[in-house]
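For reference, the chains in residue letters:
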Amino acid sequence: QRLCMLLIEQPELFEETKRLLGPRKGGQGLINRFFLALIKDFRPESSPQHVRLSADTARAYATRISELLEMLVKQVDHGAVQRPTLRLSHQASRHFDELAANARRCCSAGSPWAFASEYILRHAERVLGLAGAFHVFERGAEGEISLETLTRAERLGDWYVE
């Protein structure tokens, strides 16, 4: 995240990196997975570098990151090939179906969004991946992704699209 923020704060480097990551029709879409955005009126005094978590939150965050990294190392050491499968709760699954259907409607012939149909059709997939990341970070790789977690990811994804 820090690398992404540093890229965003350097518009020329951001544009060069964006080209290297292939933001084009049929590209790998890597840049979209980072939710990058260009800051046009950057003010050094409001730099993300100056934003800090409270001491308690920073400790809890560092602890969770260490736990997840230790789990990853154990998986690699033990040769774990199969990753866990997360499922959506019933409500989240219904909401996800609506999200995907809405994306398809936006891409129908004659739609003003048809030119970006490849990107729009992948929106639900990006939201789902982000919801999975939230769930694993907060609750681990067990249980179901809740509607609340999915809609939180959707709000972030919608912000990025806007």
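Residues numbered from 1 in each chain as written. Predicted model: local features only at pLDDT ≥ 70, side-chain atom pairs only at ≥ 80, totals over all residues. Heavy atoms only, no water.

Student: Help me understand the overall build of the protein chain, please; the structure alone is not making it clear to me.
Tutor: Scanning the protein chain from terminus to terminus reveals 8 helices and 2 strands. Each helix and strand of the protein chain, ordered N terminal to C terminal, gives the series α-α-α-α-β-α-α-α-β-α. The buried share among the 162 residues of the protein chain stands at 28%. If you take every contact in the protein chain between residues at least 6 apart in sequence, the share linking residues at least 24 apart comes to 62%. Looking at the protein chain as shown, the accessible area adds up to about 11,700 Å², and 58% of this sits on carbon and sulfur atoms. (Helix = DSSP H or I, 4+ residues; strand = E, 2+ residues; numbered from the N terminus. Buried < 20%, exposed > 50% of the residue type's maximum accessible area, 1.4 Å probe, protein only. Contact = heavy atoms within 4.5 Å. Areas by Shrake-Rupley, 256 points an atom, 1.4 Å probe, with all protein chains shown as cover.)

Student: What exactly am I supposed to notice about the nonpolar core here?
Tutor: Soluble, globular proteins show a tendency: their nonpolar side chains are buried together. The biggest cluster of nonpolar side chains holds 12 residues, and these are Leu88, Ala92, Phe96, Leu99, Ala100, Ala124, Val127, Leu130, Ala131, Ile145, Leu150 and Ala153. In contact with Leu150, other than residues within four places in its own chain, are Ala92, His95, Phe96, Val127, Ala131 and Ile145. (Core = buried A, V, L, I, M, F, W, Y, C linked by side-chain atoms within 4.5 Å.)

Student: Got a minute to help me understand the pattern of salt bridges in this structure?
Tutor: Should the charged atoms of two oppositely charged side chains come close, the side chains can pair. Applying the stated criterion across every chain yields a total of 6 salt bridges. In this structure, Glu125 engages Arg122 in a salt bridge whose closest nitrogen and oxygen atoms are separated by 2.9 Å. Where Arg139 meets Glu138, a salt bridge forms, and the shortest distance between an N and an O atom there is 3.3 Å. (Salt bridge = Lys/Arg side-chain N within 4 Å of Asp/Glu carboxyl O.)

Student: What's the story with helix H7 (residues 123–139) in this structure? I'm lost.
Tutor: Counting along an α-helix, one turn takes 3.6 residues, and residues three or four places apart therefore face a common direction. Its 17 residues place the ends of H7 24 Å apart at the C-alpha level, agreeing with the 24 Å of an ideal helix rising 1.5 Å per residue. Downstream of H7 by one or two residues, Gly140 has phi in the positive range, about 90°. (Expected span 1.5 Å × (residues − 1).)

Student: What is the right way to read helix H4 (residues 55–77) from this model?
Tutor: When the terminal C-alpha atoms of H4 are compared, their 33 Å separation across 23 residues agrees well with the 33 Å that a helix rising 1.5 Å per residue should span. One or two residues past the end of H4 sits Gly79, with phi positive at roughly 70°.

Student: How do you make sense of the packing of aromatic side chains when you look at a structure like this?
Tutor: This structure, assessed with the given rule, holds 1 aromatic pair. Taking 5.6 Å as the distance between ring centres and 45° as the angle between the ring planes, the aromatic pair formed by Tyr61 and Phe137 counts as tilted. Of this pair, Tyr61 sits in helix H4 while Phe137 sits in helix H7, and the two are 76 residues apart along the sequence. Residue Tyr61 is classed as partly exposed on the basis of its relative accessible area, which comes to 37%. For Phe137, a relative accessible area of 27% translates into the label partly exposed. (Phe/Tyr/Trp six-rings, centres within 6.5 Å; stacked < 30°, edge-to-face > 60°.)

Student: When you look at the packing of H7 against helix H8 (residues 147–161) in this model, what are you seeing that I'm missing?
Tutor: At a minimum axis distance of 8 Å, the contact between H7 and H8 shows a crossing angle of 130°. On the basis of their axis angle, the class for H7 and H8 is oblique. The two elements H7 and H8 meet at a crossing, and its hand is right-handed. Residues His123, Val127, Leu130, Ala131, Phe134, His135, Glu138 and Arg139 of H7 form the contact with H8, whose own contacting residues are Thr149, Leu150, Arg152, Ala153, Glu154, Leu156, Gly157, Asp158 and Val161. Taken together, the residues of the contact of H7 with H8 sort by class into 8 nonpolar, 4 polar and 5 charged. (Axes fitted to C-alpha atoms, helices over the stretch in contact; angles between N-to-C directions. Parallel < 35°, antiparallel > 145°, perpendicular 65-115°, else oblique. Left-handed = near helix turned anticlockwise from the far one by under 90°. Nonpolar A, V, L, I, M, F, W, Y, C, P; charged D, E, K, R; others polar.)

Student: I would appreciate a short explanation of the state of the cysteines in the present structure.
Tutor: A covalent bond between the sulfur atoms of two cysteines is referred to as a disulfide. As enumerated under the stated definition, the model contains 0 disulfides in all. Lacking any disulfide linkage, Cys107 is separated from the closest cysteine sulfur, that of Cys106, by 6.3 Å. (Disulfide = S-S within 2.5 Å.)

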